[in-house]
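Examining the three-dimensional arrangement
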Amino acid sequence: KKMHWQAAKKVINTIEQAGFEAFIVGGAVRDYYLKKENNDVDIATSALPEEIQAIFHHTIDVGIAHGTVLVLDFGEPIEVTTYRTESGYSDHRRPDTVHFVRNLKEDLKRRDFTMNAMALSKSGDYIDYYNGRQHIDNKVICAVGEPLQRFEEDALRMLRAIRFASQLQFSIEYQTLQAIHQKASTISYISIERIQVELSKIFTSKHAQMGIEYIENTSLSNYLPGKFNTHSWTGFYSEDRQVGWAYFCLVNESDLSLLSAYRCSNKDKLFTKSILGAYESLLNGMPPIDLLRYDLSMLKTACQFAEWQNKVLPFSFDDLADRKSTLPIQHINELAISGRDLMEWSSKKRGAWIKQTLDTAILAVLNGEANNDKQQLKEWFHAFHDEG
Ligand code: ATP
Ligand code: MG
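Residues numbered from 1 in each chain as written. Chains lettered and ligands numbered in written order. Predicted model: local features only at pLDDT ≥ 70, side-chain atom pairs only at ≥ 80, totals over all residues. Heavy atoms only, no water.

Another point: the overall build of the protein. Helix and strand counts for the protein come out as 19 helices and 11 strands. Relative to a compact globule of 388 residues, whose C-alpha radius of gyration would be 21 Å, the protein shows 28 Å and is clearly more extended. Expressed along its principal axes, the backbone C-alpha trace of the protein runs to roughly 90 × 50 × 35 Å. Taken across its 388 residues, the protein has 49% of its residues classed as buried. Nonlocal contacts in the protein, meaning residues at least 24 apart in sequence, comprise 62% of its contacts between residues at least 6 apart. (Helix = DSSP H or I, 4+ residues; strand = E, 2+ residues; numbered from the N terminus. Rg over C-alpha atoms; globule rule 2.2 N^0.38 Å. Buried < 20%, exposed > 50% of the residue type's maximum accessible area, 1.4 Å probe, protein only. Contact = heavy atoms within 4.5 Å.)

Next comes the structure, spelled out in structure tokens:
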């Protein structure tokens, strides 16, 4: 996993040999200071994109207009971006124009937070004009420059501040926080997809509740779909973004339309439906047929939901797992008969009766009325069928 750092150093050497400057910048420097792993090693350079393309053998132009070239010479792809300043921001989300500059300080100045505005030389020296290390030591997130202006330029930065706070368990510096409060309504300039990405990172962070609390207290919540109720998130923790989104729906009266509002995928929607179904079954004592329907990880998550919602259950997850393991079948598709068998035995046409009968057969197996055996189920079927 150190490969990216080695490749980055080689890239820097090569650029320096060609007579330009290059430094590691952004999240990798922050995480290096925090002693956290980060393989997303970005490089900033005084060389222009076309100069970078001339220096290296294998490059991909991933955004020349913004100054970014991907260098592939050393195995790992390394992003190399020309020092730049940005101006304009008339849409509150991206600069109208970018200007390439030859000075690192100018480049660092455009970055969002002091901890993200540091650079690291290849020999390990920090370039830290905005006291990023001191702010990291004090566990505060602090805008670079005038916070109000920085959020006016790009409203997404408000959510990024909150996201970093919950990931790192840092607080947001007072002036920066006041500025978020003041500019909260401008979050509506930002596309909902980008908001979804930041919320996913908040949901999966170590201290998700802290993020929810910031969203509520800065009143950003007034401009985002759904309720952000800090109290509902006490104890919540998951590394799985789908679990986060499902829980967000649950604490919003199981409002599944929120997933559409945030443009989540159909896969996310299916997951949420399933987990909310499992949770509801759990509150109903989890009947055997439902035990079959959900796998252990779903049952586990549903139990966690109950815990986070302060619902006291008369059984634990381990009890459920034990109950599940003693069932005669572990999944509905393990039933020894199929719809085809039913049609053969009854010479009736395909129809809704097939699914109903199979469900009843599963219940019969679960209740011990029949073994999960084709011959026995055939007898059971005829007895059942001849009655009906
Ligand atoms: P992560 O580890 O989550 O990727 P990161 O700090 O690397 O965090 P990126 O979105 O990858 O975040 O951005 C890389 C760097 O670009 C940031 O560290 C910051 O210096 C700068 N940056 C990113 N987004 C913005 C923004 N909206 N405004 C100003 N600077 C930004
Ligand atoms: Mg990054």
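Further remarks concern unusual backbone geometry. Its identity as a non-glycine residue notwithstanding, Glu253 has a phi of 55 degrees, on the positive side. Topologically, Glu253 is positioned in the loop between α11 (241-250) and α12 (257-261). Even without glycine at this site, Ser347 takes up a positive phi of about 50 degrees. Mapped onto the elements, Ser347 comes out in the loop between α17 (339-346) and α18 (352-366). Judged by relative accessible area, which is 68%, Ser347 ranks as exposed.

This part is about the side chain of Asn252. Within the secondary structure layout, Asn252 lies in the loop between α11 and α12. Of the polar contacts made by the side chain of Asn252, one reaches the backbone nitrogen of Lys227; its length is 2.6 Å. For Asn252, the residues in contact, after removing those within four places along its chain, are Gly226, Lys227 and Leu258. (Polar contact = N/O pair within 3.5 Å; in protein donor to acceptor, adjacent residues only side chain to side chain.)

Quick look at the sheet that holds strand β3 (residues 59-63) now. If you walk across this open sheet you meet the 7 strands as β3-β4-β5-β2-β1-β8-β9, and the pairing is mixed. Two strands lie at the open edges of the sheet, namely β3 and β9 (126-127), each paired on one side alone. Across 4 bridges, the pairing between β3 and strand β4 (residues 68-71) is antiparallel. Its bridge partner lying in β4, Asp61 is registered against Val69. (Pairing = 2+ DSSP bridges.)

With that out of the way, let us pick up the nonpolar core. Ranked by internal contacts, the top residues of the largest apolar core, which has 110 residues, are Tyr262 and Phe305. Excluding its chain neighbours within four sequence positions, the residues that come into contact with Tyr262 are Ile192, Ile195, Gln196, Leu199, Leu224, Pro225, Phe228, Trp245 and Phe248. Ranked by size, the runner-up nonpolar core spans 12 residues in total, among them Val25, Val101, Ala117 and Ile127. (Core = buried A, V, L, I, M, F, W, Y, C linked by side-chain atoms within 4.5 Å.)

Take a nonpolar patch on the surface next. A cluster of nonpolar side chains, Ile60, Val62 and Leu72, forms an exposed patch at the surface whose accessible area comes to about 220 Å². Tracing the chain through its elements places Leu72 in the loop between β4 and β5 (78-82). (Patch = residues over 30% accessible without salt bridge, like charges linked within 9 Å, V, L, I, M, F, W, Y side chains within 5 Å. Areas by Shrake-Rupley, 256 points an atom, 1.4 Å probe, with all protein chains shown as cover. Salt bridge = Lys/Arg side-chain N within 4 Å of Asp/Glu carboxyl O.)

On to the domain arrangement of the protein. Segmenting the protein into domains produces domain 1 (1-130), domain 2 (139-230), domain 3 (238-327) and domain 4 (332-387). The C-alpha-based centres of domain 3 and domain 4 are spaced at 29 Å. Summed over both partners, the interface of domain 3 with domain 4 comes to about 450 Å²; 82% of that surface belongs to carbon and sulfur atoms. In terms of surface lost to domain 4, no three residues of domain 3 exceed Ile289, Leu292 and Arg293, which account for 81% of the buried area on that side. At the boundary of domain 3 with domain 4, the tally comes to 0 salt bridges. Put simply, domain 3 and domain 4 have 0 residue pairs in polar contact (both at pLDDT 80 or more) between them. (Domains from an automatic or database assignment. Buried area = accessible area lost by both parts, 1.4 Å probe.)

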